[in-house]
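Structure assessment
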Amino acid sequence: MSENVYNRIAVLRAERGISRRQLAGALGVHYQTIGYLERGEYSPSLYLALRIAEFFEVAVEVLFSTEPFPRIGDRSA
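One structure accompanies this document, and this report is about it. (Residues numbered from 1 in each chain as written. Predicted model: local features only at pLDDT ≥ 70, side-chain atom pairs only at ≥ 80, totals over all residues. Heavy atoms only, no water.)

**Details of the environment of Phe 55**
To be explicit about the condition: Think of it this way: any DSSP run of H or I at least four residues long counts as a helix, any run of E at least two long counts as a strand, and we number them from the N terminus.
Along the chain, Phe 55 falls in helix 4 (residues 46–56). When the C-alpha atoms of Phe 55 and Leu 27 are compared, they prove to be 8.0 Å apart, with 28 residues separating the residues in sequence.

**A few points about the side chain of Arg 13**
Inclusion rule: Any pair of nitrogen or oxygen atoms within 3.5 Å is treated as a polar contact; in protein, a donor-acceptor pairing is required on top of that, and neighbouring residues in sequence qualify only through side-chain atoms on both sides. Whether two residues touch is decided by their heavy atoms; if any such pair falls within 4.5 Å, the residues are in contact.
With respect to the helices and strands, the residue Arg 13 is situated in helix 1 (residues 9–15). Polar contacts involving the side chain of Arg 13 include one to the side chain of Glu 38, which spans 2.5 Å. Beyond its immediate sequence surroundings of up to four residues, Arg 13 is in contact with Ile 18, Ser 19, Arg 20, Leu 23, Ile 34, Glu 38 and Phe 56.

**Structural notes on unusual backbone geometry**
Across residues other than glycine, the phi torsion is negative in most instances, and most of the peptide bonds are trans. Threshold: Burial here depends on accessible area, computed with a 1.4 Å probe over protein chains only, as a share of the maximum for the residue type. Under 20% is buried, over 50% is exposed, and the range in between is partly exposed.
Of note in this structure, Glu 57 is not a glycine but carries a positive phi near 60°. With respect to the helices and strands, the residue Glu 57 is situated in the loop between helix 4 and helix 5 (60–63). The class for Glu 57 is exposed, based on a relative accessible area of 72%.

**With respect to helix 3 (residues 31–38)**
Turning to helix 3, its buried residues number three or more, namely Thr 33, Ile 34, Gly 35, Leu 37 and Glu 38. Its buried side turned inward, helix 3 meets strand 1 (6–7), helix 1, helix 2 (20–27) and helix 4. Of the residues flanking the end of helix 3, it is Gly 40, one or two places downstream, whose phi is positive at about 75°.

In structure tokens form, the structure reads like this:
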């Protein structure tokens, strides 16, 4: 069983016109951390995941999942 954590950080960031640096500054983390998270190279702590969800004003389940999110436009999902 894989322990990957999938996320939609890049999608929400793009929808809202927020740069990695802006998000990182709001969360108090290095901007490279946001890149690592978006690429799935780093799984956030529960605390950081909750703070990211709070920043975007969404439930944590909207941002993070143990299963890959369906691709946009994928009708089979």
